[in-house]
Amino acid sequence: MASQKKWQHTGNSKKPSIISSDGTYTIDKKFVRLFGFLLGDGWTSHCRVGFADGIDEDRNAFYRQLLEDLSRSCAHITPPLKGHKGGQTNIFCDEFRQILESVGFETGAFNKKVPQWIYSMDLETRREFIRGYFDADGGYSDGRATSISYKLLEGIREVATMSGIPCNDIKRDRREG
């Protein structure tokens, strides 16, 4: 059985990276934007990373391409299930799942929160993170954000505010869970 790689965030805020025993994965603006988007509408599971497709096909295509580029994997599109509004985009890449989880991505709407390393990123990178989140669960131009997770909403508000982005309409979705 092959040994599983262990990924660890380096903690360097000037040029943050994730290191493994056999290489380095640099956290850049593209990664941070995708990370924000996945916090809004994404998940990890076993060897899979995915997100719920929205109604904007151009936006779906943008994040699908970003996910493919960063994971070096081919995305699989699942059409909507009976009784559901939208489909899903998934990649099957355990290495990328491990990378996301090593920097604080947690699956499950109630578990999600903004990881500490986001706060130490430069202004433009934090803005990309917020843009990604708003693309999934809010509106960048009007400062709206929704989530089930109170911790996530508070983190989004704090990062948006410190980045000069108005975030005045924060709503907690009170779905059962």
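Residues numbered from 1 in each chain as written. Predicted model: local features only at pLDDT ≥ 70, side-chain atom pairs only at ≥ 80, totals over all residues. Heavy atoms only, no water.

**Student:** Help me out: how do you make sense of the packing of helix α1 (residues 29-41) against helix α2 (residues 57-71) in this one?
**Tutor:** Two quantities define a packed helix pair, namely the angle between the helix axes and the distance between the axes. At a closest axis distance of 10 Å, the pairing of α1 and α2 adopts a crossing angle of 125°. Relative to α2, α1 is oriented oblique. Along this stretch, α1 crosses α2, giving a crossing that reads as left-handed. Across the interface between the two elements, Lys30, Phe31, Arg33, Leu34 and Phe37 from α1 touch Phe62, Tyr63, Leu66, Leu67 and Leu70 from α2. Residues that form the contact of α1 with α2 fall into these classes: 8 nonpolar, no polar and 2 charged. (Axes fitted to C-alpha atoms, helices over the stretch in contact; angles between N-to-C directions. Helix = DSSP H or I, 4+ residues; strand = E, 2+ residues; numbered from the N terminus. Parallel < 35°, antiparallel > 145°, perpendicular 65-115°, else oblique. Left-handed = near helix turned anticlockwise from the far one by under 90°. Contact = heavy atoms within 4.5 Å. Nonpolar A, V, L, I, M, F, W, Y, C, P; charged D, E, K, R; others polar.)

**Student:** Even after reading the chapter, I still don't get the sheet that holds strand β7 (residues 88-92), so can you show me in this structure?
**Tutor:** Each strand in a sheet pairs with another by means of backbone hydrogen bonds, the pair being arranged parallel or else antiparallel. If you trace the 4 strands from one edge of the open sheet to the other, you get β4-β5-β7-β6, paired in antiparallel fashion. Strands with a single pairing partner mark the edges of an open sheet, and in this sheet they are β4 (42-45) and β6 (76-78). Sheet twist, expressed as the mean angle between neighbouring strand axes with direction ignored, is 25°. Pairing of β6 with β7, which is carried by 3 bridges, proceeds in the antiparallel orientation. Bridge pairing links isoleucine 77 to threonine 89 in β7. Across the sheet, α2 touches β5 (48-52), β6 and β7, and the angle it forms with β5 is around 170°. (Pairing = 2+ DSSP bridges.)

**Student:** Honestly, the pattern of salt bridges in this entry has me stumped. Any pointers?
**Tutor:** Side chains bearing opposite charge may pair, as long as their charged atoms lie close to each other. Per the counting criterion, the structure on display carries 10 salt bridges. Lysine 113 is the salt-bridge partner of glutamate 106, the closest N and O atoms lying 2.5 Å from each other. Its salt-bridge partner being arginine 131, residue glutamate 128 comes within 3.8 Å of it at the nearest N-O pair. Taken together, the positions of glutamate 128 and arginine 131, both in helix α5 (residues 123-137) and 3 residues apart, correspond to about one turn of that helix. Bridged by salt links that share partners, the residues Arg33, Arg59, Glu128, Arg131 and Asp135 form one connected network. (Salt bridge = Lys/Arg side-chain N within 4 Å of Asp/Glu carboxyl O.)

**Student:** Honestly, the pairing of β5 in this entry has me stumped. Any pointers?
**Tutor:** Remember that side chains alternate between the two faces of the sheet whenever the strand is regular. As paired strands, β4 and β5 are joined by 4 bridges and run antiparallel to one another. Bridged to serine 45 within β5 is arginine 48.

**Student:** How do you make sense of the confidence of the model for the chain when you look at a structure like this?
**Tutor:** For residues with low pLDDT, the predicted coordinates do not support detailed interpretation. On average, residues of the chain carry a pLDDT of 80, and 75% of them reach 70 or more. Confidence drops under a pLDDT of 50 for residues 1-8, and excluding neighbours within four residues, the segment shows 21 contacts in the predicted structure. (pLDDT = per-residue confidence, 0-100.)

**Student:** Help me out: how do you make sense of the packing of α1 against helix α3 (residues 94-102) in this one?
**Tutor:** For the pair α1 and α3, interaxial distance at closest approach is 12 Å and the crossing angle is 85°. As summarised for this structure, α1 and α3 are arranged roughly perpendicular, according to the angle between their axes. Residue-level inspection shows Phe31, Leu34, Phe35 and Leu38 of α1 in contact with α3, the latter providing Phe96, Ile99 and Leu100. Classifying every residue of the contact of α1 with α3 gives 7 nonpolar, no polar and no charged.

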